Amino acid sequence: MKNINEVSEHISILYVEDTISAQREFSDILSIFVDEVNVASNGEEGLQMYKELSPDIIITDIQMPVMNGLDMIKEIRSEDTDTPIIITSAFNDNSYLFDAIELGIEHYLLKPIIVDKLEERLDTIIRAIMQKRELKSYQDFLEEKIQKEMILREEKESLLLQQNKSSEIGHMVGVIAHQWKQPLNYLNMLIEDIGLEYEYQPLSKEYINDFIKKGTSKVEFLTTTMDNFLNFYKSENTSKTFLVSHVVNEIISFLNIPYKALGISIIVEVQNDFKISGIENEFQQVVLNLITNAKEAFDGLNKADSQIVIKIDSMDNIGSIQILDNATGFDTSKIDKIFDLEYTTKQDGNGIGLYLVNKVITQRFNGSIEALNLNNGACFKITLNIGKNND
C-alpha cells in the first residue's frame, strides 16, 4: 500500500509567448519558482505542448500569431477546467478581462510583469496544487485500504460460507443416517428371514418374488435418498426460475422422518405459490438454515406439540415465506443483532448461518428478511419482489 506522504512536489509550467526576448527573460525568472518550464511561441504550439506535457500551470500572452491566447484557452477549457491559467498582456482591455473571467482564468497580470506579484500569484497556485495532490493521495490511500478490506472481507465470508456448508453437510449426513437406519434394519431382517425359511422349508417362488419386491423397494429408497443428498449439495452457479414450494418440499423430504423422531412435526401451508429467479442451491441453503435454526429452538424443552410451520404466499408481485416455530421465541433485547456476523445465542454456535442467510436473501435475491416473535414462538419472514416470475 502506498505511503500517503509520498506526494510529488514537482511543478511544471507551460509558458506561451511570441516575443523571443520575453521568452528568455521570463522563463529564467519562472525557473526560480518551479522545477520545469516549457516554452511555446503561439497558441497552436502551446495547445500541442499542453496535450503532450500536461503542465501543472499555464502562463500565456493574449495577442499572438497563428492562434491567440484566448482561443488556445477555450480549446483547453473544453476538456480541462482545473489547470490554473495566468494571462499576461500589455493591454488593459476590459473585453479581454471579461473573456478571461468567463474562461475560468486564475489571474490576469499586466506587462511589464512585477516579479513580486508573479511570485505571490504562483505561491497561491502552487499551495493549492499541493493541497489537491495531498487530498488526492489520501483519497487513493483510503480507496486502496477500503478495497483491501473488501477483499479480506470477501475472503473471510467465503471461508465462513464453506464452514457453514460443512456444518450443514454434517447435519444432513446425520439426517440421512437416521433415514437409512430403518430400511437397513428391515433389509437385515429379510436376509435373516430367508436363511430361516431355507433351513426349515423349501423356498417357494412366491416367497422369493415377495423377498425381491420388498428388498428392491428398500434399496431404491436408500439410493433415492443418497441421490437427493448429492443433488442437494452439488455445485450450481446457473441462475434459473424455480417454484419456492419445490425447494421447501425437497428439504422436508429429508427432514420429516428424523424430526418426527424428535417429536417435531413440519407443516407446509401453501396459500399462493410463486416462482423466483436465482441460484436454486443458494435458496436451498437459506431454507435449510432457517428450519435447522427453528429445530434447535426446541432443544432441551421436552415440548409435546413441537411444530415448525412453513407458510408460502404471494400477492401483487410480492412473495413471502414464513418459517415459524412454537418454541420460546427470540430474546427481544437481542433480536436486532440476530443477523450480525458471529453473533450467536448457542453455546457451540458460530453465528455464521443467519448472517449468510441475510446476505443471500438481500444481495442474491434482492429481498429482505426479518426476525420477529409471533404466536408464542419465533418467525423468520422472507419478502421477495417476484415481478414477472410468477407468470
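Placed above this text is the structure.
We now turn to the structure provided with this report.

What counts, and where the lines are drawn
- Residues numbered from 1 in each chain as written.
- Predicted model: local features only at pLDDT ≥ 70, side-chain atom pairs only at ≥ 80, totals over all residues.
- Heavy atoms only, no water.
- Helix = DSSP H or I, 4+ residues; strand = E, 2+ residues; numbered from the N terminus.
- Buried < 20%, exposed > 50% of the residue type's maximum accessible area, 1.4 Å probe, protein only.
- Contact = heavy atoms within 4.5 Å.
- Areas by Shrake-Rupley, 256 points an atom, 1.4 Å probe, with all protein chains shown as cover.
- Expected span 1.5 Å × (residues − 1).
- Core = buried A, V, L, I, M, F, W, Y, C linked by side-chain atoms within 4.5 Å.
- Pairing = 2+ DSSP bridges.
- Patch = residues over 30% accessible without salt bridge, like charges linked within 9 Å, V, L, I, M, F, W, Y side chains within 5 Å.
- Salt bridge = Lys/Arg side-chain N within 4 Å of Asp/Glu carboxyl O.
- Axes fitted to C-alpha atoms, helices over the stretch in contact; angles between N-to-C directions.
- Phe/Tyr/Trp six-rings, centres within 6.5 Å; stacked < 30°, edge-to-face > 60°.
- Parallel < 35°, antiparallel > 145°, perpendicular 65-115°, else oblique.
- Left-handed = near helix turned anticlockwise from the far one by under 90°.

What follows deals with the overall build of the protein chain. A count of helices and strands for the protein chain gives nine helices and twelve strands. Taking all 391 residues of the protein chain together, the buried fraction comes to 40%. When contacts within the protein chain are restricted to residue pairs at least 6 apart in sequence, those whose partners lie at least 24 apart make up 71%. With the model as given, the accessible surface of the protein chain reaches about 22700 Å², and the carbon-plus-sulfur share is 49%.

To continue, consider helix 8 (residues 280-296). Compared with an ideal rise of 1.5 Å per residue, which puts 17 residues at 24 Å, helix 8 spans 24 Å between its outermost C-alpha atoms and is within 8% of the ideal. With 16 of its 17 residues buried, helix 8 lies for the most part within the structure.

If you look at the biggest cluster of nonpolar residues, it comprises 43 residues, and the most contacted ones within it are I276, F283, L290, I291, I321, F380 and L384. Among the elements of the structure, helix 7 (244-261), strand 7 (264-270), helix 8, strand 9 (306-315), strand 10 (318-325), helix 9 (353-364), strand 11 (368-374) and strand 12 (377-385) are those that each provide at least two residues to this core. No other element matches helix 7, which puts eight residues into this core. Here L384 is in contact with F274, I276, F283, N317, I318, G319, I321, I361, F365 and G367, once residues within four sequence places are set aside.

Turning our eyes to something else, we now look at the pairing of strand 10. Every other side chain in a regular strand lies on the same face of the sheet, so the side chains alternate between the two faces. Burial analysis of strand 10 places seven of its eight residues in the buried class, the great majority of the element. Between the antiparallel neighbours strand 9 and strand 10 lie two residues, among them D316 with a positive phi of about 50 degrees. Note: strand 10 against strand 12, seven bridges, orientation antiparallel. Directly across from I321, in strand 12, lies its bridge partner I382.

Turning to a nonpolar patch on the surface, a few remarks are in order. Taken together, Y138, L142, I146 and M150 make up a surface patch of nonpolar side chains, about 370 Å² in accessible area. Of note, L142 is situated in helix 5 (residues 115-200).

The next subject is the sheet that holds strand 2 (residues 36-40). One open sheet holds the five strands; their spatial order is 2-1-3-4-5, and the pairing between them is parallel. Each edge of the open sheet carries a strand with a single partner, namely strand 2 and strand 5 (107-110). Recorded for the sheet is a direction-independent mean angle of 20 degrees between the axes of neighbouring strands. Looking at chain direction, strand 4 (residues 85-89) and strand 5 are connected through four bridges and run parallel.

For the coordinates displayed, the defined rule picks out eight salt bridges. The residue K136 makes a salt bridge to D140 at a minimum N-O spacing of 2.9 Å. Of this pair, K136 and D140 both sit in helix 5, four residues apart, which is roughly one turn of that helix. Of the residues examined, K136 reaches a relative accessible area of 45% and is grouped as partly exposed. Residue D305 is joined to K303 by a salt bridge in which the shortest nitrogen-to-oxygen separation is 3.7 Å. Residue classification places K303 among the partly exposed residues on the basis of a relative accessible area of 32%.

The next subject is the packing of aromatic side chains. Under the criterion given, the structure shown has six aromatic pairs. Measuring from ring centre to ring centre gives 6.2 Å for Y138 and F141, while their planes differ by 25 degrees; the resulting arrangement is stacked. Taken as a pair, Y138 and F141 lie in helix 5 at a separation of three residues, close to a single helical turn. Using a relative accessible area of 42% as the deciding quantity, one classes Y138 as partly exposed.

To continue, consider the side chain of D61. Structurally, the position occupied by D61 is in strand 3 (residues 57-61). When residues no more than four places from it in sequence are discounted, the contact partners of D61 are V16, E17, D18, G69, T88, S89 and K111.

With their axes 8 Å apart at the nearest point, helix 2 (residues 43-53) and helix 3 (residues 69-77) run at an angle of 25 degrees to one another. Classed by the angle they form, the pair helix 2 and helix 3 counts as roughly parallel. As helix 2 runs across helix 3, the sense of the crossing is right-handed. Within the contact between the two elements, helix 2 uses G43, G46, L47 and Y50 and helix 3 uses M72, E75 and I76.

The subject of this paragraph is the sheet that holds strand 7. Taken in spatial order, the five strands of this open sheet run 7-9-10-12-11, and their pairing is mixed. Two strands in the sheet have a free side with no partner beyond their single neighbour: strand 7 and strand 11. Within this sheet the neighbouring strands show an average axis-to-axis angle of 15 degrees, counted without direction. Strand direction decides the pairing type here: strand 9 and strand 10, joined by eight bridges, are antiparallel. Bridging across to strand 10, K311 finds its partner in Q322. On the sheet, helix 9 packs against strand 11 and strand 12 and is oriented at approximately 130 degrees with respect to strand 11.

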